[in-house]
Amino acid sequence: MALAAAGHRDEAVAALRALPESPHDLLREARACLIARAALAVGDQTAMEYAYAELLPAAGELAGAGSGVLSLGPVARYLADLAAALGRDDEAAAHQRSARAVAARVRAAG
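Residues numbered from 1 in each chain as written. Predicted model: local features only at pLDDT ≥ 70, side-chain atom pairs only at ≥ 80, totals over all residues. Heavy atoms only, no water.

Participant: Where do I start with the overall build of the protein in this structure?
Facilitator: A count of helices and strands for the protein gives six helices and zero strands. The secondary structure elements of the protein, listed N-terminal to C-terminal, are α-α-α-α-α-α. Scaling as 2.2 N^0.38, a compact globule of 110 residues should have a C-alpha radius of gyration of about 13 Å, and the protein matches this with 14 Å. Across its three principal axes, the protein shows a C-alpha extent of roughly 45 × 30 × 25 Å. Sorting the 110 residues of the protein into buried and exposed places 35% on the buried side. One way to put it: in the protein the 11 positive side-chain charges average out to a point 7 Å from where the 13 negative ones average out. (Helix = DSSP H or I, 4+ residues; strand = E, 2+ residues; numbered from the N terminus. Rg over C-alpha atoms; globule rule 2.2 N^0.38 Å. Buried < 20%, exposed > 50% of the residue type's maximum accessible area, 1.4 Å probe, protein only. Lys, Arg positive; Asp, Glu negative; His and termini not counted. Charge placed at Lys NZ, Arg CZ, Asp CG, Glu CD.)

This is the structure in structure tokens:
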């Protein structure tokens, strides 16, 4: 994301493509959300597709919350942004609704 913010698109894309497979642990979704943000920042469709596929099974969850260390908010919010960028407008709208529902559950529980 730092490379993208500094205007180094090609280097950012290369860094995204060089990322190792993420371990199956409690921070997997959080890492995938960061990949999604970086992919969106540079318009890397391959990385967007990867992040979307990684995040879809966790659509109703908070990213990283299972770790108890951090939360990056509803996974569905990232899915909505990815779907919109990939031209999947109906999916984007459905993910937006899901993100609002997850956020409402969190507020209600707090």
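That shown, we press on.
Participant: Hey, could you run me through the confidence of the model for the protein in this one?
Facilitator: In low-pLDDT regions, the fine details of the predicted coordinates are not to be read closely. Here the protein shows a mean pLDDT of 92. Residues at 70 or above account for 98%. When the elements of the protein are averaged for pLDDT, helix α1 (residues 2–5) gives the smallest value, 90, and helix α5 (residues 75–85) the largest, 98. (pLDDT = per-residue confidence, 0-100.)

Participant: What should I look at first to understand the side chain of R28 in this one?
Facilitator: Along the chain, R28 turns up in helix α3 (residues 28–42). We classify R28 as buried; its relative accessible area is 10%.

Participant: Would you take a moment to explain the nonpolar core for this structure?
Facilitator: Side chains of nonpolar character tend, in soluble globular proteins, to be buried together. In terms of nonpolar packing, the biggest core is built from 26 residues, with L16, V42, L55, V75, L79 and L82 touching the most fellow members. When residues of this core are traced back to their parent elements, those giving at least two are α2 (9–17), α3, α4 (45–55) and α5. When residues in this core are grouped by element, the largest group, seven residues, is from α3. Here V42 is in contact with A4, R9, A12, V13 and L16, once residues within four sequence places are set aside. (Core = buried A, V, L, I, M, F, W, Y, C linked by side-chain atoms within 4.5 Å. Contact = heavy atoms within 4.5 Å.)

Participant: How do you make sense of the packing of aromatic side chains when you look at a structure like this?
Facilitator: Two descriptors summarise a pair of aromatic rings, namely the distance from one centre to the other and the angle between the planes of the rings. Across all of its chains, the model carries zero aromatic pairs by this definition. Its guanidinium or amino end placed over the ring of Y52, R88 lies 5.0 Å from that ring's centre, counting from NZ or CZ. (Phe/Tyr/Trp six-rings, centres within 6.5 Å; stacked < 30°, edge-to-face > 60°. Lys NZ or Arg CZ within 6 Å of the ring centre and 35° of its normal.)

Participant: Would you explain α4 in this entry?
Facilitator: Note: α-helices contain 3.6 residues per turn, so residues at a spacing of three or four share the same orientation. For α4, the full list of buried residues reads A47, M48, A51, Y52, E54 and L55. Down the axis, α4 shows its buried residues gathered within 165° of arc, on one side only. Residues of α4 that are buried make contact with α2, α3, α5 and α6 (89–109). You can read the cap of α4 off the contacts: a side-chain oxygen lies 3.1 Å from the backbone nitrogen of T46, and it is on D44. (Arc of directions from axis to C-beta. Polar contact = N/O pair within 3.5 Å; in protein donor to acceptor, adjacent residues only side chain to side chain.)

Participant: Help me understand the environment of A92, please; the structure alone is not making it clear to me.
Facilitator: If you trace the backbone, A92 turns up in helix α6. With 19 residues separating them in the primary sequence, A92 and G73 have C-alpha atoms 16 Å apart. Apart from the residues lying within four places of it in its own chain, the contact partners of A92 are A80, A83 and A84.

Participant: I'm lost on the environment of L26 in this one. Help?
Facilitator: Here L26 is to be found in the loop between α2 and α3. Of the residues examined, L26 reaches a relative accessible area of 54% and is grouped as exposed. Spatially, the C-alpha atom of L26 lies 9.1 Å from that of A63, the residues being 37 residues apart in sequence.

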